[in-house]
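So the chains spell out like this:
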Amino acid sequence: MIALDAARATVAPRDPSRAAAGSTTIAVAGAVTVATAWKVVAQVAAALEQGHTRLVLDLEGVTALDAAGVAALLEAGRLAERRPGGVLELRANHLVTAALTESGTTALIPAIAPGT
Amino acid sequence: MSAAPAPVSGRQAPSAARAAPAGAVVSRGTRVYLRTLTPADLVHLARWVEDQFLERMVGSDLLHAFKHVWDKSPEFYEALLTDPTQVVLVIEAYRGWDRPVGLARLYNIHLLEGYAFLETIIADPRAMKRGFGVEAGKLISYYGVDVLGLRRIEAKVYEYNVLSMNSLLRNGFRKEGVLRQAGFDGERAWDLVVFGILRDEIEAQRKKDKVYLPLDAPPEGNGEPA
């Protein structure tokens, strides 16, 4: 698992128990906002570049998500879709789900699994 | 950092050092840069919401909500952080200013449809007519296109706010129509003039100037160019 604290980007030990088989989990924590959203896109881009095509973006630790954060999730999804076999699944908490709903973007997000 | 002389306005002596403001620099121009809002900025908002001239010229929903809905509460900042429909950035001028000069905001952001509304507030009277608002509007428009993926940005201006209308026109916005008597200042109704710009028009504007958007490596510090 790749852990990304939106405020302090760090890499954590792999945690295969939380990820679907064959997928790589990128865990994001903290505020994903104008100041930090670019880190999410960069992390997803790096994972794809390293050959990880099945990605799970674990957003359960996200504490804030503004328009830039939502846009970053959309961009991350687009990056994954451009890769052959690329898939990006979001694991969203209630805050993230609410933000996606309020912004009307649920239709654009590849997959959402709230709280799973 | 050494303390700057106590200023009477937003300006200070050019030679005085300025403490680096908190917040991440999002975009830089030649006159101003945009940074993220911080809790400490609410002090400035609290001052700006009491400015009757600003209220009449801009009629900002953001400032109105801060004063009348949130009662200037610090929780307003948290609310902005979790609002997926707007982006609020602070306008800082490069040299000779020891406090923010205003706000640039994209609001009613519709990421799915690709449009949003623009509001640029130059709150310090001494910062007006210096091109700060023009450049701030330009920078946040670039941000909207580059980062948010917007294809259209719209702005509404009171018919008497000629300064704002000229700023929008200078940035390539087109006057698209008039909302007749849509604004009310407490005494009488005023027309609202609608301006809009499309992504390719923004790109055409970008080719004409020197500002840029350093998205790859957000810089630290107070935004002063090296």
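Every chain begins its residue count from 1, and numbering advances along the sequence as written. Throughout, the order in which chains and ligands are written sets their labels, letters from A for the former and numbers from 1 for the latter. Where local features are concerned, this predicted model is filtered to residues with pLDDT of at least 70; where side-chain atom pairs are given and counted, the filter is 80 or more; whole-chain, interface and lining totals use all residues. The basis for every side-chain value is the complete set of heavy atoms in the structure, and neither hydrogens nor water enter the calculation.

Asker: Explain the overall build of chain B residue by residue, including any values.
Answerer: Counting from the N terminus, the helices are the DSSP runs of H or I reaching at least four residues and the strands are the DSSP runs of E reaching at least two. Along the backbone of chain B there are seven helices and eight strands. Categorising residues by exposure relies on relative accessible area from a 1.4 Å probe, with only protein chains included: less than 20% of the type maximum marks a residue as buried, more than 50% marks it as exposed, and the intermediate range marks it as partly exposed. Looking at chain B residue by residue over its 226 residues, the buried ones come to 52%. Here the contacts in chain B between residues at least 6 apart in sequence split such that 64% fall between residues at least 24 apart. Accessible surface, chain B: about 10,900 Å² in total, of which carbon and sulfur atoms supply 52%. Residue contacts are counted whenever heavy atoms from the two residues lie within 4.5 Å of one another. Shrake-Rupley sampling with a 1.4 Å probe provides the accessible areas, and residues are treated as covered by the protein chains on show and by no other component.

Asker: So what's going on with the overall build of chain A? Residues and values would help.
Answerer: When helices and strands are counted, chain A shows three helices and four strands. Secondary structure of chain A in N-to-C order comes out as β-β-α-β-α-β-α. Evaluated residue by residue, chain A yields a buried proportion of 52% over its 116 residues. Nonlocal contacts in chain A, meaning residues at least 24 apart in sequence, comprise 69% of its contacts between residues at least 6 apart. In the form shown here, chain A has an accessible surface area of approximately 5,000 Å², with 57% of it arising from carbon and sulfur atoms.

Asker: Could you give an account of the pairing of strand 8 (residues 189-198) of chain B, naming the residues involved and the relevant values?
Answerer: Consecutive side chains of a regular strand alternate in pointing toward one face of the sheet and then the other. All names here are of chain B. Within strand 8, eight of the 10 residues are buried, leaving the element largely enclosed by the surrounding structure. One requirement defines pairing of two strands: DSSP has to find at least two bridges between them. Taken together, the seven bridges between strand 7 (residues 174-184) and strand 8 define a ladder with antiparallel strand orientation. Following the sheet pairing, Phe184 is matched in strand 8 by Ala189. In textbook terms, the turn of a hairpin is the stretch between consecutive antiparallel strands, and for strand 7 and strand 8 this stretch comprises four residues, one of which, Gly186, has a positive phi near 100°.

Asker: Now, about the pattern of salt bridges: what can you tell me, with residues and values included?
Answerer: All names here are of chain B. Put simply, a salt bridge is a Lys or Arg side-chain nitrogen that is within 4 Å of an Asp or Glu carboxyl oxygen. Evaluated as defined, the whole model comprises 14 salt bridges over all chains. For Arg35, the salt bridge is made with Glu92, and the minimal N-O distance between the two is 2.8 Å. Separated by 57 residues along the polypeptide, Arg35 in strand 2 (residues 32-36) and Glu92 in strand 3 (residues 87-93) bring together distant segments of the chain. According to the relative accessible area criterion, Arg35 is buried, its value standing at 3%. A residue is classified by how much of its surface remains accessible, and Glu92, at 0% relative accessible area, is buried. Residue Arg105 is joined to Glu119 by a salt bridge in which the shortest nitrogen-to-oxygen separation is 3.1 Å. One end of the pair, Arg105, is in strand 4 (residues 102-110); the other, Glu119, is in strand 5 (residues 115-122), and 14 residues separate them in sequence. Connected through salt bridges with shared partners, the residues Arg35, Asp41 and Glu92 form a single ionic network.

Asker: Residues and numbers for the packing of helix 1 (residues 37-49) of chain A against helix 2 (residues 67-82) of chain A, please.
Answerer: All names here are of chain A. Contact geometry of helix 1 with helix 2 gives a least axis separation of 8 Å together with a crossing angle of 10°. It follows from the interaxial angle that helix 1 and helix 2 lie roughly parallel. In this structure, helix 1 meets helix 2 at a crossing whose hand is right-handed. For the pair helix 1 and helix 2, contact is made by Ala37, Val40, Val41, Val44, Ala45 and Leu48 and by Ala68, Gly69, Ala72, Leu73, Glu75, Ala76, Leu79 and Ala80, respectively. We call Asp, Glu, Lys and Arg charged. Ala, Val, Leu, Ile, Met, Phe, Trp, Tyr, Cys and Pro are nonpolar, and the rest, Gly among them, are polar. Here the residues of the contact of helix 1 with helix 2 are counted per class, giving 12 nonpolar, one polar and one charged. Axis geometry follows a simple rule: fit a line to the C-alpha atoms, using only the stretch in contact for helices, then measure angles between N-to-C directions, giving values from 0 to 180 degrees. Roughly parallel means an angle under 35 degrees; roughly antiparallel, over 145; roughly perpendicular, 65 to 115; everything else is oblique. By definition, turning the near helix anticlockwise from the far helix through less than a right angle yields a left-handed crossing, and turning it clockwise yields a right-handed one.

Asker: So, the side chain of Asp41 of chain B: which residues are in play, and what are the values?
Answerer: Inspection of the secondary structure puts Asp41 of chain B in the loop between strand 2 and helix 1 (42-48). In terms of polar contacts, Asp41 of chain B uses its side chain to reach the backbone amide nitrogen of Thr38 of chain B, at 2.8 Å. Polar contacts, as used here, are pairs of N or O atoms within 3.5 Å; protein pairs need one atom able to donate a hydrogen and one able to accept it. Residues neighboring in sequence count only if both atoms are side-chain atoms.

Asker: Please give an account of the sheet that holds strand 1 (residues 25-28) of chain B that cites residues and values.
Answerer: All names here are of chain B. Spatial ordering of the open sheet is given by 1-2-3-4-5-6-8-7, a layout of eight strands whose pairing is mixed. Each of the sheet's edge strands pairs with one partner strand only, and the pair in question is strand 1 and strand 7. With strand direction ignored, the average angle separating the axes of adjacent strands in the sheet is 25°. Here strand 5 runs beside strand 6 (residues 152-158); their pairing, made up of three bridges, is parallel.

Asker: I'd like to hear about the nonpolar core, residue by residue, with values.
Answerer: In these notes, a set of buried Ala, Val, Leu, Ile, Met, Phe, Trp, Tyr and Cys residues joined through side-chain atoms within 4.5 Å is what counts as a nonpolar core. Within the largest apolar cluster, 68 residues are counted, with the highest numbers of intra-cluster contacts made by Leu57 and Leu73 of chain A together with Ile109 and Leu148 of chain B. With 10 residues, the single largest contributor to this core is helix 2 of chain A. Other than its neighbours up to four places away in sequence, Leu73 of chain A contacts Val40, Leu57, Leu59, Leu65, Leu88, Leu90, Val96, Leu100 and Ile109 of chain A. Grouped together as the second largest cluster of nonpolar side chains are 20 residues, Ala64 of chain A together with Leu42, Val49 and Val88 of chain B included.

Asker: Kindly report on helix 1 of chain A, identifying the contributing residues and their values.
Answerer: Residue and element names in this part refer to chain A. Over its 13 residues, helix 1 extends 19 Å from the first C-alpha to the last, a length consistent with the 18 Å expected when each residue adds 1.5 Å. Of all the positions in helix 1, only Ala37, Lys39, Val40, Val41, Gln43, Val44, Ala47 and Leu48 are classed as buried. Once helix 1 finishes, Gly51 follows within two positions and takes phi at roughly 100°, a positive value. Expected helix span is computed as 1.5 Å times (number of residues minus one).

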